[in-house]
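A structural walkthrough
Here is what each chain is made of, one letter per residue.
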Amino acid sequence: MKNHLSDRINSMSTSATLAMAAKARELKNEGKDIIGLSLGEPDFNIPDFIKEAAKEAIDQNYSSYSPVDGYADLKQAIANKFKRDNGLTYGLNQIVVSTGAKQSLANIAMVMLNDGDEVILPAPYWVSYSDIVKLAQGVPVEVPTSIDTDFKMTPEQLEKSITPKTKMMWFSSPCNPSGSVYNKEELEGLAKVLRKHPNIFVVSDEIYEHINFRGGHVSIANIEGMYDRTITVNGVSKAFAMTGWRIGYIGGPEWIAKACTKFQGQITSGANSIAQRATIAALNAPISSIKFMIDEFHKRRDLVLELLGEIKGFNLNVPEGAFYVFPDISSFFGKTLNGTLINNASDFALYLLEKANVATVTGEAFGNDNCIRISYAASEKELREAMARIKAVL
């Protein structure tokens, strides 16, 4: 029956992270002891003050449709957050609240891209960027980076990737999957190139901004000449452990925000009303209220790097943010492990799942064929056990 489906859906990839998580759940249901290190989801509970705000919203009967672009007082909280944390001034008419940052990205693609428009993606990139761009008839242009440069794109690489068809550049910092963080000097280098090409817009995905172990997160919209051509994307899923609440948002030029509101009005309308009210409490709280999570992620990163460093064949760098390590495992390619030939990163990730009962994600899904992504959003006990299992089967 596949021939009855649209070319659009037939050409779309399945999210590799969700596919691996589904496979891991399937094996768990069969009774296997699977340790899941594939999903980008904090393992902490939502802070109680956010839960209380949600309960209060229910009691206050916030059960009606919200404005398409979000409640005004939530947008004010977002504007305050942008000013406090990023030094960015956005009016309420420049902000749109969506059902998760993934919808925010899809909105941008659908309102900005025409058939054949090119979007530069420094690779590795978040797994959904490429397919979202393709869905909007854009053309993803991957710019490969390596572990030797901490998976960051250089200004020279950016310049070489620009063509007359280039419309946008999308990137995340801190980066999913590599954990890389662009500092101010590096962003200024990219901005210097972009200032030569005034018709290129930037999507800056900053969903992991607070999970930053170097401190001093920098938004590219703050760099000279970039404010009017940058759409800053964020949300509450990572730093506040609110993944299932599905609240994301953008700040950007008013004309883009209006277009996103128009598009969203025909697709989903406003985001969940209770989740929006809870998000006000989250964003109004001081960052110190979630520092315990950030500190714990930092400890886990160091633990995982230490344990992986004891396994021959893993080429590691030190990620400065998010909650992932992205080791280069290409030294295993062409080798046979316990009767299994490893040809690529997908083979390696599947081998770890089947032999070690540890779920990771192939780097191929993120535009890098030499790496796997390991999420350390798990307890120290699980991480120690997972690393021991991996070491044993290698």
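Scroll up for the structure.
Residues numbered from 1 in each chain as written. Predicted model: local features only at pLDDT ≥ 70, side-chain atom pairs only at ≥ 80, totals over all residues. Heavy atoms only, no water.

A look at a nonpolar patch on the surface
A contiguous nonpolar patch, built from L5, I9, M12, M110 and L135 and spanning about 400 Å² of accessible area, is present on the exposed surface. Here I9 shows up in helix α1 (residues 7–10). Judged by relative accessible area, which is 42%, I9 ranks as partly exposed. (Patch = residues over 30% accessible without salt bridge, like charges linked within 9 Å, V, L, I, M, F, W, Y side chains within 5 Å. Areas by Shrake-Rupley, 256 points an atom, 1.4 Å probe, with all protein chains shown as cover. Salt bridge = Lys/Arg side-chain N within 4 Å of Asp/Glu carboxyl O. Helix = DSSP H or I, 4+ residues; strand = E, 2+ residues; numbered from the N terminus. Buried < 20%, exposed > 50% of the residue type's maximum accessible area, 1.4 Å probe, protein only.)

Some words on the state of the cysteines
In this structure the tally under the stated criterion is 0 disulfides. Between C175, a cysteine without a disulfide, and C371, which holds the nearest cysteine sulfur, the sulfur-to-sulfur distance is 11 Å. (Disulfide = S-S within 2.5 Å.)

A short note on the pairing of strand β3 (residues 118–123)
Across the 6 residues that make up β3, a large majority, 6, are buried. Side chains of β3 alternate between two faces, with E118, I120 and P122 and V119, L121 and A123 buried alike. Note: β3 against strand β4 (residues 139–144), 6 bridges, orientation parallel. In the strand pairing of β4, V119 is matched with P140. Handedness of the crossover joining β3 and β4 through helix α6 (residues 129–135): right-handed. In the sheet, β3 pairs with strand β5 (residues 166–172) via 3 bridges, with the strands oriented parallel. For V119, the partnering residue across the bridge sits in β5 and is M168. (Pairing = 2+ DSSP bridges. Right-handed = clockwise from strand over helix to strand, strands pointing away.)

Details of the sheet that holds strand β14 (residues 372–375)
The 3 strands lie next to each other as β9-β14-β13, forming an open sheet whose pairing is antiparallel. Edge positions in the sheet fall to β9 (324–325) and β13 (361–362), since each of these pairs with one other strand and no more. For β9 and β14, the ladder comprises 2 bridges, and the chain directions are antiparallel. Looking across to β14, one finds that V325 is bridged to I374.

Some words on the sheet that holds strand β8 (residues 248–251)
Pairing within the open sheet is mixed, and its 7 strands lie in the order β2-β8-β7-β6-β5-β3-β4. Two strands lie at the open edges of the sheet, namely β2 (95–98) and β4, each paired on one side alone. Taking the axes of each pair of neighbouring strands and ignoring which way they run, one obtains an average angle of 20° across the sheet. Across the sheet, helix α5 (residues 101–112) lies against β2, β5, β6 (201–205), β7 (230–235) and β8, angled at about 155° from β7, the strand it touches most. Against the sheet, helix α9 (residues 254–267) engages β2, β6, β7 and β8, with an angle of about 30° to β2. (Axes fitted to C-alpha atoms, helices over the stretch in contact; angles between N-to-C directions. Contact = heavy atoms within 4.5 Å.)

Some points on the packing of helix α12 (residues 345–356) against helix α13 (residues 380–393)
Axis angle and axis distance: for two packed helices, these are the angle between their axes and the distance between the axes, and together they describe the pair. Their axes nearest at 10 Å, the elements α12 and α13 cross at an angle of 100°. What the angle tells us is that α12 and α13 run roughly perpendicular. For the pair α12 and α13, the contacting residues are Y351, L352, K355 and A356 in the first and R389, I390 and V393 in the second. Of the residues in the contact of α12 with α13, the class split is 5 nonpolar, no polar and 2 charged. (Parallel < 35°, antiparallel > 145°, perpendicular 65-115°, else oblique. Nonpolar A, V, L, I, M, F, W, Y, C, P; charged D, E, K, R; others polar.)

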